[in-house]
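# Close look at the chain arrangement
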Amino acid sequence: MDFASLNKEAVVWANSTSFELVLADESERRLVFTSGEVSFFVVCPDHSKDNFHVWSDSEVCLTYLTEVQDFITSCKQKTLSEVLEKTAKSLRPVMGLSGDSDESMEDDEDMDDDDVDAYDDDYYEMDDEDAAGDTSINCHQESQNDIGATADDFFTGDGSPVAIHRILA
């Protein structure tokens, strides 16, 4: 795709987001975007078989852009709009915005320790009468059976006797 049409596509995308297209360098086939403190650039491919490349000079942004690079190299050829949308979504935490995947994490952070304990208690309540019986007898019997066990009872392979002893000890 020629760079002029990619540039037009980038301008249209930037006008619909908080990002601004600040530089379109045709010689390097680079589109530079910024939004406040956050900036990144996209290197556009020369040929249809090449992929886009997204990068940032900010170390903080780079950690979020690795998933964009994985997205770009996965399966089918991506369009510039798809790459830019994925990049904007990935950089939302850096911009102070919450992303779709971050909302669930924020909800978990807002819970108090008491709320977490109550949630766990509800999860582990048993309605099955057979399973709710006294299991202390079964546990006691199992521990008595294991007292006389040796490494030979558990391992029949060619493992190192020293390693097996460390695992069982």
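Each chain carries its own residue numbering, running from 1 in the written order of its sequence. Restriction of local features to residues with pLDDT of at least 70 applies here, the model being predicted, together with a cutoff of 80 or more for giving and counting side-chain atom pairs; totals for whole chains, interfaces and linings are based on all residues. As a convention, hydrogens and water are excluded, and side-chain values are obtained from all of the structure's heavy atoms.

Going by this rule: UniProt positions are given in the numbering used here, feature names are shortened, and annotations may be inferred rather than shown by experiment.
Going by what an unreviewed UniProt entry lists, the protein chain is known as Maturin and is assigned to Saccoglossus kowalevskii. The Sequence similarities (unreviewed entry) field of the UniProt record for the protein chain holds the comment "Belongs to the MTURN family." On record in UniProt, under Subcellular location (unreviewed entry), the comment for the protein chain is "Cytoplasm".

### Concerning the nonpolar core
For clarity, the threshold we go by: The nonpolar core is taken to be a set of buried Ala, Val, Leu, Ile, Met, Phe, Trp, Tyr and Cys residues, with the residues joined through side-chain atoms within 4.5 Å. Here's how the labels work: a residue is buried when its accessible area is under 20% of the maximum for its type, exposed when over 50%, partly exposed in between, all with a 1.4 Å probe on protein chains only. Starting at the N terminus, helices and strands are each numbered in turn, a helix being any DSSP run of H or I of at least four residues and a strand any DSSP run of E of at least two. By definition in these notes, contact holds between two residues if any of their heavy atoms fall within 4.5 Å.
Grouped together as the largest cluster of nonpolar side chains are 24 residues, with contacts concentrated most on F33 and F40. Put simply, the parts of the chain that give this core at least two residues each are α1 (3-15), β2 (30-35), β3 (38-43), α2 (59-73) and α3 (80-90). If you tally residues by element for this core, the top one is α1, at five residues. Setting aside residues up to four positions removed in sequence, F40 forms contacts with W13, F19, L31, V32, F33, V54, W55, S56, L65, L84, T87 and L91.

### Section: α1
Note the threshold: What a helix should span is 1.5 Å times the count of its residues minus one. Directions are taken from the helix axis to each C-beta atom, and the arc is the one they span.
Taking 1.5 Å of rise per residue, the 13 residues of α1 would be expected to cover 18 Å, and the 18 Å separating its terminal C-alpha atoms lies within 8% of that figure. Among all positions of α1, only F3, L6, A10, W13 and A14 are buried. End-on, the buried residues of α1 take up no more than an arc of 95 degrees, which puts them together on one face. Of the residues in α1, the exposed ones pointing more than 90 degrees away from the buried face are K8, V12 and N15. Buried residues along α1 sit in contact with β1 (20-25), β2, β3 and α3.

### Comments concerning the side chain of Q69
As a reminder of what qualifies: Polar contact criterion, stated in full: a pair of N or O atoms within 3.5 Å, where within protein one must be able to donate a hydrogen and the other to accept it, and residues adjacent in sequence count only if both atoms are side-chain atoms.
For Q69, the position within the fold is in helix α2. There is a polar contact of 2.6 Å between the side chain of Q69 and the backbone nitrogen of V54. Setting aside its immediate chain neighbours within four residues, Q69 contacts F52, H53 and V54.

### Focus on the packing of aromatic side chains
Spelled out, the test is: Each Phe, Tyr or Trp ring (for Trp, its six-membered ring) is paired with any other whose centre lies within 6.5 Å, and the angle between the two planes then decides the class: stacked below 30 degrees, edge-to-face above 60, tilted in between. Any Lys NZ or Arg CZ found within 6 Å of a ring centre and within 35 degrees of that ring's normal is scored as a charge over the ring.
In this structure the tally under the stated criterion is four aromatic pairs. Centre to centre, the rings of W13 and F19 are 5.7 Å apart; their planes meet at 25 degrees, and the pair counts as stacked. Between F33 and F40, the ring centres sit 5.2 Å apart and the planes meet at 20 degrees, which makes this aromatic pair stacked. For the residue pair F33 and F40, the accessibility class agrees, reading buried in each case. Taken together, W13, F19, F33 and F40 form an aromatic cluster joined through their ring pairs. It is R30 that lies over the ring of F41; its NZ or CZ is 4.1 Å from the centre. Between the NZ or CZ atom of K86 and the centre of the ring of F71, over which it lies, the distance is 5.7 Å.

### Notes on the environment of S18
Mapped onto the fold, S18 is located in the loop between α1 and β1. Here S18 falls in the partly exposed class, since its relative accessible area comes to 49%. Taking the C-alpha atoms as reference points, S18 and A88, 70 residues apart in sequence, are found 9.2 Å from one another. Sequence-distant contacts of S18, that is, excluding residues within four places in its chain, are made with T34, S35 and M95.

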